[in-house]
Amino acid sequence: MGLAQWLSVECAIGNGLAAAQKEEAEFIEKQNEEAAFMRIVLCDDDERILGQLKGWLWEYFRENGLSQPDYVSYADGDSLLAAEDRPDAGRADMAFLDVEMPGTSGIHVGARLQSRNPYIKIFIVTCYADYLDEAMKFHVFRYLSKPLDRGRLFRNVKDALYQIGIDTRPVLIETKKETVTRYADEIVMVEAMGRRVTVQTVDRLYESVQRMGEWEKLLDIGCFARPHRSFIVNMKYVSSFSDTLISLSAPDGGQYSAYLARRRYKGFRDAYMLYVETMR
């Protein structure tokens, strides 16, 4: 390899490293902004577990150069609900809940917290695997078994922060009459019918002046896929799919369909399986 070629390769490697470092720095900065306003609730009747969780969480945020969230601990579900249901209580962004506690179980506590903040990331912390199916009914983010593993906790907290960033990412929907800000997580799908582009959210249909190319750029995040030139779908709401059709279910019971191009079937299937795997 000549000197010029070697310098060219070194320059390319340097640019690649710089781009990766910039992306990592932006990710950390975004996490830091989110953590500064974050509330994490912990609920377990075992003081040792509460202390271990809070200590490790504090270490995670410190080691990653992130602002410390507001930590609130409870010894039972009833105390948590009494405090968190107050009108002046801030919304919890993460919750670490034991299952078997005096009074209300962690499963029911998690469902109540989720009804208040649909973007909360709930961790079920227990040694009772029998509750896994019940916990999954209300979209638990992670299931952590006792005794706790520090490395696994750290990996899952990182995933939770990333997902919170996606869920609460603001997206501008421009119509002929107004511009509306919605969270990306609230968008079920985008559909193009000729020149008409509609955006179906969890509670409303918008007719957008933005073209599909613009929407593909706006929704270039992990939970969205374009299975057909006329559709962009949020994989969170996919209930089933065949080799030609995708069915989506919204939280209010709304049912929607999107075409799946045969040549994009494998790509969509792989993307969906990866999405499901990352949400476990």
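Look a little higher up for the structure.
Every chain is numbered on its own, with residues counted from 1 as its sequence reads. In keeping with the model being predicted, local features are shown solely for residues with a pLDDT of at least 70 and side-chain atom pairs are shown and tallied solely at 80 or more, while totals for entire chains, interfaces and linings include all residues. In computing side-chain properties, one takes all heavy atoms of the structure into account and sets aside hydrogens as well as water.

Overview of the sheet that holds strand β12 (residues 231-234)
Two modes of strand pairing occur in sheets, parallel and antiparallel, and in both the strands are linked by backbone hydrogen bonds.
Here comes step 1: Reading across from one edge, β10-β9-β8-β12-β11 is the order of the five strands in this open sheet, with antiparallel pairing throughout. Strands with a single pairing partner mark the edges of an open sheet, and in this sheet they are β10 (205-208) and β11 (224-228). Going from strand to strand, the sheet's axes swing by 20° on average, the running direction of each strand aside.
Here comes step 2: Where β11 meets β12, three bridges bridge the pair, whose relative direction is antiparallel. Bridging from a neighbouring strand, Phe224 pairs with Asn234 of β12. If DSSP finds at least two bridges between two strands, the strands pair. Where helices and strands are cited, they refer to DSSP runs of H or I of at least four residues and of E of at least two residues respectively, numbered from the N terminus. Axis lines are fitted through C-alpha atoms, for helices just across the contact stretch, and the angle between N-to-C directions can take any value from 0 to 180 degrees.

Here's the deal with the pairing of strand β9 (residues 196-201)
Here comes step 1: Within β9, five of the six residues are buried, which leaves the element mostly enclosed by the surrounding structure.
Here comes step 2: The turn joining strand β8 (residues 187-193) and β9, which pair antiparallel and follow one another in sequence, is formed by two residues; a positive phi near 70° is taken by Gly194. Buried residues are those whose accessible area, probed at 1.4 Å on protein chains only, stays under 20% of the maximum for their type, while exposed residues exceed 50% and partly exposed ones sit between those limits.

Considering helix α3 (residues 77-84)
Here comes step 1: For α3, the complete set of buried residues consists of Gly77, Leu80, Leu81, Ala83 and Glu84. For α3, the angular spread of buried residues about the axis comes to 165°, placing them on one side.
Here comes step 2: At its buried positions, α3 is contacted by β1 (39-43), β2 (70-74), β3 (94-97) and α4 (106-116).
Here comes step 3: Pairs of N or O atoms within 3.5 Å make up the polar contacts considered here, provided that, within protein, one atom can donate a hydrogen while the other can accept it, and that residues adjacent in sequence are counted only when both atoms are side-chain atoms. Regarding α3, its N-cap is Asp76, as a side-chain oxygen of that residue lies 3.2 Å from the backbone nitrogen of Asp78 further along. Starting at the helix axis, one direction is taken to each C-beta atom, and the arc is that of these directions. Only heavy atoms enter the contact rule, under which two residues are in contact if any of them lie within 4.5 Å.

What about the packing of aromatic side chains?
Here comes step 1: Any two of the Phe, Tyr and Trp rings considered here, Trp counted by its six-membered ring, make a pair once their centres fall within 6.5 Å; the pair's planes then place it as stacked at under 30 degrees, edge-to-face at over 60, or tilted in between. Per the counting criterion, the structure on display carries 10 aromatic pairs.
Here comes step 2: Where Tyr60 meets Phe61, the ring centres are 5.5 Å apart and the plane angle is 90°; that geometry is what we call edge-to-face.
Here comes step 3: Of the residues examined, Tyr60 reaches a relative accessible area of 4% and is grouped as buried.
Here comes step 4: Exposure remark for Phe61: the relative accessible area of 0% places this residue in the buried category.
Here comes step 5: Taken together, a centroid distance of 5.2 Å and an interplanar angle of 85° make the contact between Phe241 and Phe268 edge-to-face. Here Phe241 is found in strand β13 (residues 238-241), whereas its partner Phe268 is found in helix α8 (residues 265-278), with 27 residues between them in sequence.
Here comes step 6: Looking at Phe268, the relative accessible area reads 3%, which means it is buried.
Here comes step 7: What links up through ring pairs into an aromatic cluster is the set Phe241, Tyr265, Phe268 and Tyr272.
Here comes step 8: Taking NZ or CZ as reference, Arg142 lies 4.2 Å from the ring centre of Phe141, over its face. Either the NZ atom of lysine or the CZ atom of arginine qualifies as a charge over a ring when it sits within 6 Å of the ring centre and within 35 degrees of the ring normal.

Brief notes about the side chain of Asp185
Here comes step 1: Examined against the element boundaries, Asp185 turns out to sit in the loop between β7 (179-183) and β8.
Here comes step 2: By relative accessible area, which is 5% here, Asp185 ends up buried.
Here comes step 3: Only 3.0 Å separates the side chain of Asp185 from the side chain of Lys236, close enough to count as a polar contact.
Here comes step 4: Sequence-distant contacts of Asp185, that is, excluding residues within four places in its chain, are made with Tyr119, Asp167, Asn234, Lys236 and Tyr237.

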